[in-house]
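Examining the three-dimensional arrangement
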Amino acid sequence: MKAIVTGISGQDGFFLSQLLLSKGYEVHGVLRRNSSMTRGTIDFLPPDIEKQLVIHYGDITDENFLSKLLQSEKPEELYHLAAQSFVGYSFESAHSTYDANIGGTLNVCNAIKTLSPDTRMYFAATSELFGKPNETPQNERTPLLPRSPYAVSKLAGLWTTRTYRDAYQLFMSNGILFNHESEVRGPEFVTRKISMGVARILLGSNEPIVLGNLSAVKDWGYAKDYVEGMWKMLQYEIPDDFVMGTGESHSVRDFVEEAFGVANIKITWKGTGVNEVGLSEEGKVLVKASRGLYRPLESDNYRADYSKVREKLGWEPRVKFKELVRIMVENDIKLIKHK
Ligand code: F7E
């Protein structure tokens, strides 16, 4: 079996490529060349794993590149993970977000349709499609009401794959995944920002962690579990859309408390909104809020109803919130100690 993974240098690419290799796949990854020649999470892979990957340098916004790739490789499966995935940044740069997330997805769909129609495709959709939902928990029937350029772009991607699936009988499945995190999460995302900040403070730093909206409520799971669900979607008899999450809701504030708890530091809160601070027992400021880190629109109130993936694919999250926070904080403590 051969699979192509776009976005192989991201968090999910890190776990997915290892899962596919362990199942005996030939794994091809699409990687965008950059001037500093960094390769994202590929550089964190064990060398014996990394050398098994076949890397194709190119960009998903380049239609020609994708056409040539699909024509020459004709993979059984393609996991389309590449995207501008940072919601906050999408407010500053909607255009580049649309180019990568809508244009890139359209290119992938067109290349499959014309050059490799037997390829099964997974599209990385997102819980951000729900916006600020009125119904809890959210499942495949919950209305899609995006509240960021990122979410709008993913809505277009979702409907592109649905349309191609129905119009041309292609196997294209959508994973509507809630937040999934890990020890290789990028430092711009809130969970990693917190786990790194806690590790820094535990090991002597006096710099508080500066955050935006502490009250945002998300459903956070472990990325390693979610890539298994992606693979299961492509083994299922029909293409379909699936919600994946943990079924637990927690605020950013809960994440902070739990993370400091792993480091045996108790935090208490004072003030509200942008004036909120988190203090240690000795009164030291550990966390503070900043207006500049709030988004123009927030999407939250999330809790996944993942009964469809459980019933149809036999998928369950193994790692839930507390364990996830522990994995991330302990990993960052180890990383900082060995720096
Ligand atoms: O924000 C709040 C922020 O940037 C989480 C992506 O993988 O999951 C991810 O998107 C929450 C938001 O992830 C800070 O306002 C507070 O409510 O870690 P995040 P995200 O926006 O939820 C979804 C499912 C995806 O599809 C995306 O691709 O935390 N927040 N203070 C903060 N967020 C950040 N980044 N930094 C802060 O200082």
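Heads up: these notes are all about the structure in this document. A quick note: this is a predicted structure, and the numbers were derived from the prediction, not measured.

With that settled, consider the overall build of the protein chain. Helices and strands together make up the secondary structure of the protein chain, namely 11 helices and 15 strands. At 20 Å, the protein chain has a C-alpha radius of gyration in line with the 20 Å of a compact globule built from 339 residues. Taken over the C-alpha atoms alone, the protein chain extends approximately 65 × 45 × 40 Å along its principal axes. Counting over 339 residues, the protein chain shows a buried share of 54%.

One pass over the full model with this rule turns up 13 aromatic pairs. For the pair Phe 178 and Tyr 302, a centre-to-centre distance of 5.7 Å together with 85 degrees between the ring planes defines the contact as edge-to-face. Of this pair, Phe 178 sits in the loop between strand S6 (172-177) and strand S7 (180-181) while Tyr 302 sits in the loop between strand S15 (285-289) and helix H10 (307-313), placing them 124 residues apart in sequence. Each member of the pair, Phe 178 as well as Tyr 302, is classed as buried. Ring geometry for Tyr 226 and Trp 315: centres 5.3 Å apart, planes at 75 degrees, overall edge-to-face. Here Tyr 226, found in helix H8 (residues 223-235), pairs with Trp 315, found in the loop between H10 and helix H11 (321-337); they are 89 residues apart in sequence, far enough to count as distant. Each member of the pair, Tyr 226 as well as Trp 315, carries the same accessibility label: buried. An aromatic cluster is present here, built from Phe 14, Phe 15 and Tyr 222 joined pairwise through their rings. Against the face of Trp 159 rests Arg 162, its NZ or CZ located 4.5 Å from the ring centre. The ring of Phe 189 carries Arg 185 above its face, with NZ or CZ at 3.7 Å from the centroid.

Below, the discussion takes up the site of the ligand. The full set close to the ligand counts 24 residues, and Ser 85, Thr 126, Lys 193, Arg 295 and Glu 298 are the nearest of them. Take Arg 185: an N or O atom from its side chain is 2.8 Å from an oxygen atom of the ligand. Against a free-state accessible area of 700 Å², the protein chains account for coverage of 95% of the ligand. At the level of elements, helix H7 (190-202) and strand S8 (209-211) are the ones that each hand at least two residues to the shell around the ligand. Taken together, the residues of the shell around the ligand break down into 11 nonpolar, six polar and seven charged. Here the shell around the ligand spans two domains, since at least three of its residues come from each of domain 1 (2-182 + 221-247 + 301-319) and domain 2 (190-215 + 251-299 + 327-337).

Glancing now at the pattern of salt bridges. The final tally for this structure, using the stated rule, is 17 salt bridges. The salt bridge partner of Glu 228 is Arg 318, with a shortest N-O separation of 3.2 Å. Of this pair, Glu 228 sits in helix H8 while Arg 318 sits in the loop between H10 and H11; the two residues are 90 residues apart in sequence, bridging distant segments of the chain. For the salt bridge of Glu 258 with Lys 322, the shortest nitrogen-to-oxygen distance reads 3.5 Å. With a gap of 64 residues between them, Glu 258 in helix H9 (residues 252-262) and Lys 322 in helix H11 connect regions that are remote in the sequence. A residue is classified by how much of its surface remains accessible, and Glu 258, at 22% relative accessible area, is partly exposed. Lys 322 sits in the exposed class, given a relative accessible area of 57%. Each of Arg 39, Asp 43 and Glu 50 takes part in salt bridges that share partners, so that together they form one network.

If you walk across this open sheet you meet the seven strands as S3-S2-S1-S4-S5-S6-S11, and the pairing is parallel. Each edge of the open sheet is held by one strand with a lone partner, namely strand S3 (54-57) and strand S11 (241-244). For this sheet the average axis-to-axis angle between neighbouring strands, irrespective of direction, equals 20 degrees. Bridge count for strand S1 (residues 2-6) against strand S2 (residues 26-31) is five bridges, and the pairing is parallel. Bridging from a neighbouring strand, Ile 4 pairs with His 28 of S2. Along the sheet, H8 contacts strand S4 (77-80), strand S5 (120-126), S6 and S11; its crossing angle with S4, the most-contacted strand, is approximately 140 degrees.

Calculation rules
Residues numbered from 1 in each chain as written. Predicted model: local features only at pLDDT ≥ 70, side-chain atom pairs only at ≥ 80, totals over all residues. Heavy atoms only, no water. Helix = DSSP H or I, 4+ residues; strand = E, 2+ residues; numbered from the N terminus. Rg over C-alpha atoms; globule rule 2.2 N^0.38 Å. Buried < 20%, exposed > 50% of the residue type's maximum accessible area, 1.4 Å probe, protein only. Phe/Tyr/Trp six-rings, centres within 6.5 Å; stacked < 30°, edge-to-face > 60°. Lys NZ or Arg CZ within 6 Å of the ring centre and 35° of its normal. Near = heavy atom within 4 Å. Polar contact = N/O pair within 3.5 Å; in protein donor to acceptor, adjacent residues only side chain to side chain. Areas by Shrake-Rupley, 256 points an atom, 1.4 Å probe, with all protein chains shown as cover. Nonpolar A, V, L, I, M, F, W, Y, C, P; charged D, E, K, R; others polar. Domains from an automatic or database assignment. Salt bridge = Lys/Arg side-chain N within 4 Å of Asp/Glu carboxyl O. Pairing = 2+ DSSP bridges. Axes fitted to C-alpha atoms, helices over the stretch in contact; angles between N-to-C directions. Contact = heavy atoms within 4.5 Å.

These figures capture arrangement, not role.
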